[in-house]
Structure formats: C-alpha cells, structure tokens
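Here's the letter readout for the chains.
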Amino acid sequence: RGVDVVGSAAGVLMLLVSLPFAALVLAAAAAPHPHWAKALDPDPRLWPSGREAWFSFLCIVLWNCCGYDSAGMVAAEVRSPRSSFPRALWGAFALSTTLYVLPLAAALATLDHWEQWAPGTYPLLGASLGGGGLEAA
C-alpha cells in the first residue's frame, strides 16, 4: 500500500518536472527552421576532451543511474518481481535517456554555436521558442 502511494507520487512529480522539457521539444519542432541534422553532428568537439571532461561526463552518466539499485528494497511489495523488475528498469532507462536526448536534440536543432553554451542555456532557449512562460518553467 505504501509503495503504491510513493510510486504514484513519484510518477506525478516526474510528469510535472518533464512537462517543460516536452514543451521545449514541441516548440522546437514548431520553430520556423529547425535543423534536426545538427543533432546528429559527428563533430569530435561534441565529445569530452581531456581527463577532467571525461570524469565530469561519467559522473553525470552515473548520477542519472542513481536509484536503480534502490528498487530491490521494495521487492517484497512487487508482484512477480522476477519479470517486472527487469521490465521496469529497462523502461526507466529508456525514459531517462529520452528525457535527456530529446531536449538536447531540440536545443541543437534550433540554436547555433553550441560551443558557447553555458549554464542557463535551456531557459534562454525556452524564452526564444516559447516566451517567458517556457523560460520560467
């Protein structure tokens, strides 16, 4: 019973946090001239260079996977965990990857000069695509 409440609350919070990024992707798709091919640019400058950059990249990747190991704590509350856990973990992995890749692809398709991106680029993109409401979200 407690797991159901926590799971439902987590789902609602995930939806609320994801809505601005979904709106950003939709706004980028509706932009006058998005260049979606830029999201597939094989430019080696897109990859981390140097030891510190790779360390930061790997820390972010590992941070995105935090919590997957905590699922075992509620195994007693789950019906048929042997089949549902792998399915849930793969679903969570696919969802978290999608929620990172799609907004990044939207930003790449609509903004130029990714080399100059800095913290705060997403709000600027939101403002240029969807106005102040999307910037604030």
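Residues numbered from 1 in each chain as written. Predicted model: local features only at pLDDT ≥ 70, side-chain atom pairs only at ≥ 80, totals over all residues. Heavy atoms only, no water.

A.B. asks: I'd like to hear about a nonpolar patch on the surface, residue by residue, with values.
C.D. replies: On the surface, L46, W47, W54, F57, L58 and V61 cluster together into a nonpolar patch covering about 550 Å² of accessible area. Judged by relative accessible area, which is 51%, W47 ranks as exposed. (Patch = residues over 30% accessible without salt bridge, like charges linked within 9 Å, V, L, I, M, F, W, Y side chains within 5 Å. Areas by Shrake-Rupley, 256 points an atom, 1.4 Å probe, with all protein chains shown as cover. Salt bridge = Lys/Arg side-chain N within 4 Å of Asp/Glu carboxyl O. Buried < 20%, exposed > 50% of the residue type's maximum accessible area, 1.4 Å probe, protein only.)

A.B. asks: Quick one: what's the story with the packing of aromatic side chains, residue by residue and with numbers?
C.D. replies: Taken as a whole, this structure holds 3 aromatic pairs when the rule is applied. Between W54 and F57 the ring centres are 5.4 Å apart and the planes differ by 90 degrees, which places this aromatic pair in the edge-to-face class. In this pair, W54 and F57 both sit in helix α2 (residues 51-64), 3 residues apart, roughly one turn of the helix. On the accessibility criterion, F57 (32% relative accessible area) is partly exposed. (Phe/Tyr/Trp six-rings, centres within 6.5 Å; stacked < 30°, edge-to-face > 60°. Helix = DSSP H or I, 4+ residues; strand = E, 2+ residues; numbered from the N terminus.)

A.B. asks: I'd love a proper account of the nonpolar core, names of residues and values included.
C.D. replies: With 5 residues, the main nonpolar core is built from L24, A27, A107, L125 and L134. Of all elements in the fold, only α1 (2-29) and α4 (121-136) reach the threshold of two or more residues within this core. (Core = buried A, V, L, I, M, F, W, Y, C linked by side-chain atoms within 4.5 Å.)

A.B. asks: Run through the packing of α1 against α4, naming residues and quoting values.
C.D. replies: Where α1 meets α4, the axes come as close as 10 Å, and the angle between the chain directions of the two elements is 85 degrees. Viewed along their axes, α1 and α4 adopt a mutual orientation that is roughly perpendicular. Counting all contacts with α1, which are made through P20, A23, L24, A27 and A28, the residues of α4 involved are Y122, L125, G126, L129 and L134. The class makeup of the residues in the contact of α1 with α4 is 9 nonpolar, 1 polar and no charged. (Axes fitted to C-alpha atoms, helices over the stretch in contact; angles between N-to-C directions. Parallel < 35°, antiparallel > 145°, perpendicular 65-115°, else oblique. Contact = heavy atoms within 4.5 Å. Nonpolar A, V, L, I, M, F, W, Y, C, P; charged D, E, K, R; others polar.)

A.B. asks: Let's hear about α1: which residues, and what values?
C.D. replies: Spacing of three or four residues puts side chains on the same side of an α-helix, whose turn is 3.6 residues. Taking 1.5 Å as the rise per residue, α1 with 28 residues should run 40 Å; its terminal C-alpha atoms sit 40 Å apart, in good agreement. In the structure, α1 departs most strongly from a straight axis at S18, where the bend amounts to approximately 35 degrees and where the proline P20 lies between one and four residues downstream. Against α3 (81-110) and α4 lie the buried residues of α1. (Expected span 1.5 Å × (residues − 1). Bend = angle between axes of the 7 residues up to and from the residue.)

A.B. asks: So, α4: which residues are in play, and what are the values?
C.D. replies: Here α4 is 16 residues long, yet its end C-alpha atoms lie only 12 Å apart, well below the 22 Å a rise of 1.5 Å per residue gives. The sharpest bend along α4 measures roughly 150 degrees and falls at G130. Residues of α4 that are buried: T121, L125, G126 and L134.

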